[in-house]
Amino acid sequence: MMTSEFEYHNGLDGSPGAPSEPTLVEDVLLLLFQPSSGTIAGETTLFYVLGGAVIADLALAGRVEARESGRFSITLHALGEDPPNDEHLRSAWEYMAEKPRNAQSVLASIGPVLRAPILDRLVARGDLISRATKTFGIFNSTSLSVGSERRATLLDSVRATLLGGEDPNPRTAAAISLLSASGTLSHFHPEIPWSGDVYTRGKQIQMGNWGANAAGSAVTRTMTAITVNPLIAATVLRPD
């Protein structure tokens, strides 16, 4: 991976000295970047996906979980006493720490502000390269391109799960769940050849069938809470 001067800590253990590692929301946005066009796939549902990735990161760290709060109601509960150090994870955690929230409310609250700062992180890390350009030689714009091998590495894990039938690790499973729920898996063709089998495998993972590497029922329950209803609704209602 290319290096940069930018460093931040995901801080899920509350320690300022925790290793600086990409968060899941960075991984998901990097995956959604399409090198062939320089665009982000699924822009119309992107804030749901990125918000979901933040919640998933917290769930994988044991900092949030979904609980039944009624016959047909599931709410998200913040766990632990100290907020995460990472600003985006902290903001989401504090919002849920105020009181339990339903997934739709959390996604709508935290998702819309994530795109620009997470892109900035990817550029600062060297995973994406940003260049100032001019459209029609007049209008200032920005073009993006891949700057490291990390997207290819992430895509290899997704491909092995969807095409090779491998059991995903929890982080890859969470990413696939979000991609499947948002209807963006087809955008990865031809990097991941699109087929009915790929669609079905994605839906199985979205529904919590993570195989032997499952992170536990609490995490899969949280993931299904943030993908099965809100993201499907967003996908069905989004304009073509």
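Some points on helix H8 (residues 196-206)
- Within H8, the full set of buried residues consists of Val198, Arg201, Gly202, Ile205 and Gln206. Mapping the buried residues of H8 onto a view down its axis gives an arc of 140°, with all of them on the same face.
- At the C-terminal side of H8, glycine 208 shows a positive phi close to 105°.

Focus: helix H4 (residues 103-110)
- Residues of H4 that are buried include every one of Ala103, Val106, Leu107 and Ile110, and no others. All buried residues of H4 fall inside an arc of 95° around its axis, so they share one side.
- Measuring from the backbone nitrogen of glutamine 104 back to the side-chain oxygen at the start of H4 gives 3.2 Å, which picks out asparagine 102 as the cap.

Comments concerning the packing of helix H1 (residues 24-32) against helix H6 (residues 150-162)
- At a minimum axis distance of 9 Å, the contact between H1 and H6 shows a crossing angle of 90°. Judged by the angle between their axes, H1 and H6 are roughly perpendicular. Between H1, through Glu26, Asp27, Leu30 and Leu31, and H6, the contact on the second element is made entirely by Arg150, Arg151, Leu154, Leu155 and Val158.

What about the nonpolar core?
- Judged by nonpolar contacts, the single largest core of 56 residues is most densely connected at Leu32 and Leu76.
- Dropping the residues within four chain positions of it, leucine 32 is found in contact with Thr39, Ile40, Ala41, Leu46, Val49, Leu179, Thr184 and Phe188.

Some words on unusual backbone geometry
- Residue histidine 189 is joined to proline 190 through a cis peptide bond whose omega torsion reads 5°.
- Following the sequence through the fold, proline 190 ends up in the loop between helix H7 (170-181) and H8.

Describing the packing of aromatic side chains
- Applying the stated criterion to the full structure yields 2 aromatic pairs.
- Ring centres of phenylalanine 47 and tyrosine 48 lie 4.3 Å apart, and the angle between their planes is 35°; this geometry places the pair in the tilted category.
- Residue classification places phenylalanine 47 among the partly exposed positions, given a relative accessible area of 27%.
- Residue tyrosine 48 is classed as buried on the basis of its relative accessible area of 12%.
- Lying across the ring of tyrosine 95, arginine 101 places its NZ or CZ 3.9 Å from the centre.

Rules and cut-offs
Residues numbered from 1 in each chain as written. Predicted model: local features only at pLDDT ≥ 70, side-chain atom pairs only at ≥ 80, totals over all residues. Heavy atoms only, no water. Buried < 20%, exposed > 50% of the residue type's maximum accessible area, 1.4 Å probe, protein only. Helix = DSSP H or I, 4+ residues; strand = E, 2+ residues; numbered from the N terminus. Arc of directions from axis to C-beta. Polar contact = N/O pair within 3.5 Å; in protein donor to acceptor, adjacent residues only side chain to side chain. Axes fitted to C-alpha atoms, helices over the stretch in contact; angles between N-to-C directions. Parallel < 35°, antiparallel > 145°, perpendicular 65-115°, else oblique. Contact = heavy atoms within 4.5 Å. Core = buried A, V, L, I, M, F, W, Y, C linked by side-chain atoms within 4.5 Å. Phe/Tyr/Trp six-rings, centres within 6.5 Å; stacked < 30°, edge-to-face > 60°. Lys NZ or Arg CZ within 6 Å of the ring centre and 35° of its normal.

These values are about where atoms sit, not about what they do.
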